[in-house]
Amino acid sequence: MSDERDARDIFDVIEEMDKRMRRIMERAFSSLSMDIDEQLYDMERRELKPLTQISETDDEVIVTLDIPCASKESIEVKATEDTLFIRARMDRCVTFSNVEFENYSKSVRLPARVEPKSARASFRNGVLQVRLPKKFEGSEISVE
Amino acid sequence: MLVGEKRRSDAGMKVVEYDGMKIRSPYIFVGLPDVGLVGSIAVSYMIDRVKMAEIGHVESDLLPPILLVRNGEVKNPIRLYSNASSMIALISEMPIHPSILQEFVGSIAEWFRRMDPRLVISITGVPVQNRLNIDRPKVFYISTDEQASSLMRSTQAMVFEEGIIFGAYAAILKACISRSIPTLTLFAQSHLNFPDPFASIEALDVLNKALNVGIDLNELREEAEMIRIRSRELMKQTESMLTEPRLKTAPTFYG
């Protein structure tokens, strides 16, 4: 009877350890996969990938990028109907993991098709905001 | 095993103190990764400027197995600091995952209670959509202590009249209220998922006026851009918690 209870206790302990280990692994790997999804650095090209926020209104896609230490004159912004490209030079070198970074670069896949020629960009306090009007696709329906 | 180590445990979390804590009735400052990293940046800067020493850390097998290396020294991500007089600071260099938030807050609030603090001061950000066009972010506050409210009235900070608070700071506030610990929470207007040291500056400026802590903010202004670059990784890790579906639907409070 006592042996049976001891065996059950051991299995309970093992199960609890297993659950705990799974929780630890899930947490460790969930943060890792997030980094893999969107890298903040391109070590080979010595470029930083800016933190980015994308939002949408009914008629615009708004992309905001955090690019501290970049000068306005160095910013290049290009857009197609579905992708925004930005590149900017930093006014100083920043070192991470013994690699010196001098530029920002990023291409952003847009959540809707836009009119790239009507896009507007502004830069303030190291934050770049690009507003891209959405492309109207469809045909008008008359109301009877 | 650390010399003089003393453990206090609560639901699997432990506050490990390196030496016997002699401070009683301190001000406790809390800076956790959250909106714009406003609290993390403010409290880290305060630790540096006031020359606080590390006095302990939070330990738990619920936390992921992460240690940080700073100048060749191994550091726990959630640490406690203090100066010789009346200030304690809690900072975390990893976001507190919602699944362990209750255990974390329960144990840390219990530790706060034992320290019999004069006031627990939490610093965080409140996201505003037009942050890009705001030169000097406003600071709002919630206080559960009449003396702290009276001090705040002598500053530019405004009462947080209405809105929703969520995440780690809401949990800390709740845990402190239930233990009758006096609290003051500062909310500086900030970017949601970009590190915002200028919001931290405004929060520290309010504390300078209210508590007369005399923190020189010039270095933080000068270093703001580099701080933004160096805290990108922590911001990225924190972002996933800030953009959970339930949070996306939360209203923008001011702006």
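Up top is the structure these notes are about.
Bear in mind that the values here come from a model prediction, so they are computed numbers and not experimental data.

**Student:** Help me understand the side chain of E60(A) in this model?
**Tutor:** Residues and elements named next belong to chain A. Looking at the element boundaries, E60 is found in strand 4 (residues 60–66). Overall, E60 belongs to the buried group, its relative accessible area being 12%. Polar contacts involving the side chain of E60 include one to the side chain of R120, which spans 3.2 Å. Among all residues touching E60, those that are not within four sequence positions of it are S55, R120, R131, L132, P133 and K134.

**Student:** What is the right way to read the interface of chain A and chain B from this model?
**Tutor:** Where interface size is given, it is often the accessible area lost as the parts come together that is meant. At the junction of the two partners, chain A supplies 32 residues and chain B supplies 26 residues. Summed over both sides, the interface of chain A with chain B buries roughly 2,800 Å², with 56% coming from carbon and sulfur. At the boundary of chain A and chain B, one finds 2 salt bridges. A salt bridge links D66(A) to R228(B); the shortest N-O distance between them is 2.7 Å. On the surface where chain A and chain B come into contact, there are 11 residue pairs in polar contact (both at pLDDT 80 or more).

**Student:** Got a minute to help me understand the packing of aromatic side chains in this structure?
**Tutor:** Note on aromatic pairs: each is described by the distance of the centres and the angle between the planes. Here the structure, examined in full by the defined rule, presents 6 aromatic pairs over all chains. Both rings, one in Y27(B) and one in F29(B), keep their centres 6.5 Å apart while their planes meet at 45°; by these two values the pair is tilted. F29(B) shares its class with Y27(B); the two are buried. Counting every residue linked through ring pairs, the aromatic cluster contains Y41(A), F96(A) and F101(A). Over the ring of F96(A) we find R230(B), and its NZ or CZ is 5.2 Å from the ring centre. R232(B) extends its terminal NZ or CZ atom over the ring of Y41(A), reaching a point 5.4 Å from the ring centre.

Definitions and limits used
Residues numbered from 1 in each chain as written. Chains lettered and ligands numbered in written order. Predicted model: local features only at pLDDT ≥ 70, side-chain atom pairs only at ≥ 80, totals over all residues. Heavy atoms only, no water. Helix = DSSP H or I, 4+ residues; strand = E, 2+ residues; numbered from the N terminus. Buried < 20%, exposed > 50% of the residue type's maximum accessible area, 1.4 Å probe, protein only. Polar contact = N/O pair within 3.5 Å; in protein donor to acceptor, adjacent residues only side chain to side chain. Contact = heavy atoms within 4.5 Å. Buried area = accessible area lost by both parts, 1.4 Å probe. Salt bridge = Lys/Arg side-chain N within 4 Å of Asp/Glu carboxyl O. Phe/Tyr/Trp six-rings, centres within 6.5 Å; stacked < 30°, edge-to-face > 60°. Lys NZ or Arg CZ within 6 Å of the ring centre and 35° of its normal.

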